[in-house]
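# Coordinates in review
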Amino acid sequence: MEYFRRTAFSEKQWKELKEVCRSNGVRFLSSPFSLEAVDLLEIVGVDVYKIPSGEVSNIPLLEKVAGTGKPVLLSSGMSNWAELDAAFSILSQRSAVTVMQCTSAYPCPAERVGLNVIGEMRQRYNTTVGFSDHFEGCAAAFAAAALGATIFEKHLTFSRKMYGSDAANAMEAKEFAEYCAGLHDISRMMNSKVNKDDLSPYLDMKLIFEKSVVAARPISAGTEVTFEDLAFKKPGDGIPAANYKLLLGRTLVRDVAPDHKFLEKDFSN
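Our subject in this report is the structure included herewith. Here the structure is a predicted model, which is why all the values come from computation and not from measurement.

Conventions adopted
Residue positions are counted from 1 within each chain, in the order its sequence is given. It should be noted that, the model being predicted, local features are given only for residues of pLDDT at least 70 and side-chain atom pairs only at 80 or more, the latter also being counted only at that level, while totals for whole chains, interfaces and linings use all residues. Calculation of side-chain values draws on the structure's entire complement of heavy atoms; hydrogens and water are dropped beforehand. Put simply, a salt bridge is a Lys or Arg side-chain nitrogen that is within 4 Å of an Asp or Glu carboxyl oxygen. Comment: elements are numbered from the N terminus, with helices defined as DSSP H or I runs of at least four residues and strands as E runs of at least two. Using a 1.4 Å probe on the protein chains alone, a residue whose accessible area is under 20% of its type maximum counts as buried, one over 50% counts as exposed, and one in between counts as partly exposed. Every definition here rests on a 1 Å grid over the protein atoms only: cavities are sets of points where a 1.4 Å probe fits but cannot get out, pockets are open sets enclosed by protein on both sides within 12 Å along at least five of seven lines, and lining residues have some atom within 4 Å of a point. Grid points are joined across faces, edges and corners, and a volume is the space filled by probe spheres set on the points. Every axis in this analysis is a line fitted to C-alpha atoms, fitted for helices over the stretch in contact. Angles between the N-to-C directions lie between 0 and 180 degrees. Roughly parallel here means an angle under 35 degrees, roughly antiparallel means over 145, roughly perpendicular means 65 to 115, and every remaining angle is called oblique. Throughout, a crossing is termed right-handed when the near helix is turned clockwise from the far one, and left-handed when it is turned anticlockwise from it by less than a right angle. What makes two residues a contact is simply this: any of their non-hydrogen atoms within 4.5 Å. Three classes are used, and their members are as follows: Ala, Val, Leu, Ile, Met, Phe, Trp, Tyr, Cys and Pro are nonpolar, Asp, Glu, Lys and Arg are charged, and the others, Gly among them, are polar. At least two DSSP bridges between two strands are needed for those strands to be called paired.

Here the focus is the pattern of salt bridges. Applying the stated criterion to the full structure yields 18 salt bridges. Its salt-bridge partner being Lys-15, residue Glu-11 comes within 3.0 Å of it at the nearest N-O pair. Separated by 4 residues within a single helix, Glu-11 and Lys-15 lie in helix α2 (residues 11-23), roughly one turn from each other. Judged by its relative accessible area of 36%, Glu-11 falls in the partly exposed class. Taking the shortest distance from any N to any O, the salt bridge between Arg-124 and Asp-85 comes out at 2.9 Å. Taken as a pair, Arg-124 in helix α6 (residues 116-125) and Asp-85 in helix α5 (residues 81-91) lie far apart in primary sequence, 39 residues in all. For Asp-85, a relative accessible area of 27% translates into the label partly exposed.

Set out below in structure tokens:
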């Protein structure tokens, strides 16, 4: 009880937090652990509810949260599919639900992150999927983002030396900024389709870096060109190296020096 007394907020402090969120364009969310907490959060004006892993089987709480009609993040760290199915069924009747892949381990080892579950959740519930991240660093979240997770939870602290059960495993501000920046970059990557047949962004580079067919040595007029007469060098604004076979056996109409970039008019046939 001493721990909870020390870490609890008063109703006034909750309202101050809500106002700070509102003034900074941040949606205010919280995780209720009791029916009374839902009543308090409704007074404060919560925007989104988070169902913590330990409350997934608390049906009275789920029913009360669902009754608000507000969006819900459903964590899954301690639940099997049957428990999640039951919780999702209750919550989704009136609320938009995001199911969060979570492993209740602090910190979470790589072997228990459960990236495979993200796709299973999306297919099973046909809804947005998130990732409640207890892995140290950014790797797990970045992988989850690449697999389609779109909402992320990460513990944040001013200092890992602060009092509390989560501070030691949380991210400090500089790390968290890098974490968020990486997720935004991945989001842009995931939402930006690339057409591999569209070479327009590379036309200038192709001219610079691709190869043309040139003379490997001095060659006299009247010579039938062989492979040994050819070399392949930058830039790529001549006959492409890919077309070198079209020159084999053709007769030169002029003398050419080494590194001469072959042209069609160099040949009689």
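Let us look at empty space enclosed by the protein. Under the definition given, this model contains 1 cavity of 30 Å³ or more. Roughly 50 Å³ of internal volume is contained in the largest cavity. Around the largest cavity, the lining residues are Tyr-106, Asp-133, His-134, Phe-135, Lys-154, His-155, Asn-169, Ala-170 and Met-171.

Glancing now at the packing of α5 against α6. Contact geometry for α5 and α6: axes closest at 12 Å, N-to-C directions at 45 degrees. Classified by the angle their axes make, α5 and α6 are oblique. The way α5 lies across α6 gives a crossing that is right-handed. Residues Trp-81, Leu-84, Asp-85 and Phe-88 of α5 form the contact with α6, whose participating residues are Val-117, Glu-120, Met-121, Arg-124 and Tyr-125. Here the residues of the contact of α5 with α6 sort into 6 nonpolar, no polar and 3 charged.

In space, the 6 strands of this open sheet follow the order β1-β2-β3-β4-β5-β6, with parallel pairing throughout. With partners counted over all chains shown, the strands left at the sheet margins are β1 (29-30) and β6 (151-154), one partner each. Bridge count for strand β3 (residues 72-75) against strand β4 (residues 97-102) is 4 bridges, and the pairing is parallel. Bridged to Ser-75 within β4 is Met-100. Strands β2 (48-51), β3 and β4 of the sheet are contacted by α5, whose axis makes an angle of about 170 degrees with β3.

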